[in-house]
Amino acid sequence: MRMSKLQGLKVSFGYDSHKTDKDRRLILGGVELPGEVGLAGHSDADVLCHAVTDALASASGLGDIGRMFPDDDPEYEGADSLKLLERVRQAAKDMGYRTINCDCTLIAERPRIAGFADIMARNIASALGLEEGSVSVKGKTNEGMDCIGRGEGMAAYVVMLVIKE
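As the structure is a prediction and not an experimental result, all values here were calculated from the model. Position labels on residues start from 1 in each chain and follow its written sequence. The predicted nature of this model means local features are confined to residues of pLDDT at least 70 and side-chain atom pairs, given and counted, to a pLDDT of 80 or more, with totals for whole chains, interfaces and linings taken over all residues. Side-chain measures here rest on the full set of heavy atoms in the structure, leaving out hydrogens and waters.

## Quick look at the side chain of His 50
- Within the secondary structure layout, His 50 lies in helix α1 (residues 47-59).
- The residues touching His 50, leaving out its near neighbours within four places in the chain, are Asp 16, His 18, Ser 43, Asp 44, Ala 45, Ile 65 and Ser 81. Numbering goes from the N terminus for both helices and strands, where a helix is a DSSP run of H or I of at least four residues and a strand is a run of E of at least two. Every residue pair with non-hydrogen atoms within 4.5 Å of one another is taken to be in contact.

Printed below as a string of structure tokens:
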């Protein structure tokens, strides 16, 4: 029997959200954005990396970020979310999964991330072991609607393609 070229491919969706916290620094895609209101969370609260981590964990059968890195575990307090993503990448690799590409959308009224999106994409690609251009990062606003539109938080959506090799 001949195997289909699509066999082993999985599309995965990741989501995360955090409320703002004026006493924290803002880190998105591994980039610190000085002068911006940060996000609440147990780790560095990098909402973008958390959504990517969730997508990869889900696709490879590892569960989700909360099960892998519980927010009541002191080991992960202030943790670098890119490092957590690298750990999930290694666990997924050990199970035979590899990411092909990743499309990320940050929803926030501010900051405008256009000037930082390329470095965020490079950081995430590096953590996933991907070539530059395999990850895209873009920002959208909520046009002033709901809690995100009022600047009370941020959310991120991620679509990822992985393959079981």
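## Quick look at the sheet that holds strand β1 (residues 9-21)
- Strands pair, by our definition, only if DSSP identifies at least two bridges between them. Here we have five strands laid out as an open sheet, ordered β4-β1-β7-β5-β6, and mixed in their pairing. Strand pairing shows two members of the sheet lacking a second neighbour, β4 (38-39) and β6 (135-140), which therefore form its edges.
- Strand direction decides the pairing type here: β1 and strand β7 (residues 153-164), joined by eleven bridges, are antiparallel. Directly across from Val 11, in β7, lies its bridge partner Leu 161.
- Only the stretch in contact is used when fitting a helix axis, every axis being a line fitted to C-alpha atoms; angles between N-to-C directions are given from 0 to 180 degrees. Helix-sheet contacts for α1 involve β1, β4, β5 (97-107), β6 and β7, and the interaxial angle to β1 is about 150°.

## Details of the packing of aromatic side chains
- Stacked, edge-to-face and tilted are the three classes for Phe, Tyr and Trp ring pairs, Trp counted by its six-membered ring, which pair at centre distances within 6.5 Å; planes under 30 degrees apart are stacked, over 60 edge-to-face, the rest tilted. For the structure shown, the criterion picks out three aromatic pairs.
- Judged by centre distance (6.0 Å) and plane angle (35°), the ring pair of Phe 13 and Tyr 157 falls under tilted. Residue Phe 13 is found in strand β1, and its partner Tyr 157 is found in strand β7; the two are separated by 144 residues along the sequence.
- Remark: exposure states derive from per-residue accessible area (1.4 Å probe, protein chains only) relative to the maximum for the residue type, with buried under 20%, exposed over 50%, and partly exposed in between. Residue Tyr 157 is classed as partly exposed on the basis of its relative accessible area, which comes to 36%.

## Observations regarding unusual backbone geometry
- In this structure, Pro 111 follows Arg 110 across a cis peptide bond, with omega equal to 5°.
- Position of Pro 111 relative to the elements: it lies in the loop between β5 and α4 (117-128).
- Despite not being glycine, Ala 45 has its phi angle at roughly 65°, a positive value.
- Within the secondary structure layout, Ala 45 lies in the loop between β4 and α1.
- Residue Ala 45 is classed as buried on the basis of its relative accessible area of 0%.
- Unusually for a residue other than glycine, Asp 146 sits at a positive phi of about 60°.
- Its place among the elements puts Asp 146 in helix α5 (residues 146-149).

## Here we look at the state of the cysteines
- We call a pair of cysteine sulfur atoms a disulfide when they lie within 2.5 Å. Applying the stated criterion to the full structure yields zero disulfides.
- Free of any disulfide, Cys 104 has its nearest neighbouring cysteine sulfur in Cys 102, separated by 3.7 Å.
- Note on Cys 104: relative accessible area 0%, which makes it buried.

Scope: geometric values only; no functional claims are made or implied.
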